[in-house]
Amino acid sequence: AQSVSQHNHHVILSEAASLELGCNYSYGGTVNLFWYVQYPGQHLQLLLKYFSGDPLVKGIKGFEAEFIKSKFSFNLRKPSVQWSDTAEYFCAASSGGSYIPTFGRGTSLIVHP
Amino acid sequence: GAGVSQSPSNKVTEKGKDVELRCDPISGHTALYWYRQSLGQGLEFLIYFQGNSAPDKSGLPSDRFSAERTGGSVSTLTIQRTQQEDSAVYLCASSLELAGPYEQYFGPGTRLTVT
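Here goes a summary of the coordinates provided. Within every chain, residues take consecutive numbers counted from 1 along the sequence as written. Written order decides the labels, with chains lettered from A and ligands numbered from 1. For a predicted model such as this one, the threshold for reporting local features is a pLDDT of at least 70, and the threshold for listing and counting side-chain atom pairs is 80 or more; totals across whole chains, interfaces and linings nevertheless cover every residue. Side-chain figures throughout are based on the complete set of non-hydrogen atoms in the structure, without hydrogens or water.

1. Some remarks on the interface of chain B and chain A
Put simply, an interface is often sized by how much accessible area is lost when its parts join up. Contacts are assigned to residue pairs with any non-hydrogen atoms lying within 4.5 Å of each other. At the interface, 21 residues of chain B touch 18 residues of chain A. For the chain B face of the interface with chain A, the top three residues by lost area are Pro 101, Glu 103 and Phe 106 of chain B, together amounting to 29%. For this analysis, a polar contact is any N or O atom pair within 3.5 Å, provided that within protein one partner can donate a hydrogen and the other can accept it, and provided that sequence-adjacent residues contribute only side-chain to side-chain pairs. Inspection of the region where chain B meets chain A yields two residue pairs in polar contact (both at pLDDT 80 or more). Note that Gly is not counted as nonpolar here; it falls among the polar residues with everything else outside the nonpolar set of Ala, Val, Leu, Ile, Met, Phe, Trp, Tyr, Cys and Pro and the charged set of Asp, Glu, Lys and Arg. When its residues are assigned to classes, the side of chain B that touches chain A shows twelve nonpolar, seven polar and two charged. Two parts lose some accessible area (1.4 Å probe) when they are put together, and adding that loss for both gives the buried area.

2. Quick notes on the pairing of strand E10 (residues 87-95) of chain A
Residues and elements named next belong to chain A. Counting buried positions along E10 yields eight of nine residues, so the element is predominantly enclosed. The rule for pairing is simple: two strands pair if DSSP sees at least two bridges between them. Strands here are runs of E lasting at least two residues and helices are runs of H or I lasting at least four, both read from the DSSP assignment and numbered beginning at the N terminus. As paired elements, strand E5 (residues 31-38) and E10 share eight bridges and run antiparallel to each other. Bridge assignment links Val 37 to a residue of E10, and that residue is Tyr 89. Across three bridges, E10 lies against strand E12 (residues 107-112) in antiparallel orientation. Bridge pairing in E12 links Tyr 89 to Thr 107. Looking at chain direction, E10 and strand E11 (residues 102-103) are connected through two bridges and run antiparallel. By the bridge assignment for E11, Ala 93 is matched with Thr 102. Using a 1.4 Å probe on the protein chains alone, a residue whose accessible area is under 20% of its type maximum counts as buried, one over 50% counts as exposed, and one in between counts as partly exposed.

3. Digging into the pairing of strand E10 (residues 110-114) of chain B
All names here are of chain B. Here E10 shows one buried face, formed by Thr 110, Leu 112 and Val 114, and one open face, formed by Arg 111 and Thr 113. In the sheet, strand E2 (residues 10-13) pairs with E10 via four bridges, with the strands oriented parallel. Across the sheet, the residue bridging to Lys 11 is Leu 112, located in E10. Bridge analysis of strand E8 (residues 88-95) against E10 gives three bridges, and the strand direction is antiparallel. By the bridge assignment for E10, Tyr 90 is matched with Thr 110.

Shape descriptors only; they carry no functional weight alone.
Written out as structure tokens, the structure reads:
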């Protein structure tokens, strides 16, 4: 079965620290990859997505992610986090053969001011 | 423009009662998805619609769960004879098209508590 793994379930950082959240998927072939964010009390929203072209994708609020096909990975990065980045982060993937995006279990990020 | 809306935002019900959860997707979005979000469990896929059709119902946890979509728009998720393990946040999402690179737009969710 297709799956998406997020290895970090809870991450605690201080402001200005660098962030990298891991995401691995098990799909073969063409894959579409997404990172969604859920701020406290808000609904899930798209942070960034990859479906073709440049494997380094830039999203909102200074986030970026790199698609490494050989590693089946799509890690999320931010050079310097802010307190306002405190949220739950979900990686998701879909392939040409599935209409159902598969989500990882999520990573809870807490940033201390 | 208007996003995905869901109602009610919160629902408390007694075990054994039926509940209906409503989702109003973004106008023009052909694909609609239902998920269940439990604490620490991520998003559990329940069902998707392409137009009014739901080709795959295998994600529904039991036959107490059903969903329909009418007019290619509003969708209703019905849970019959609710159980305590049904307590969760039920999320609805819509996208322009099914599959491919189309992002999903999520609603605020309905928090269901079964007592």
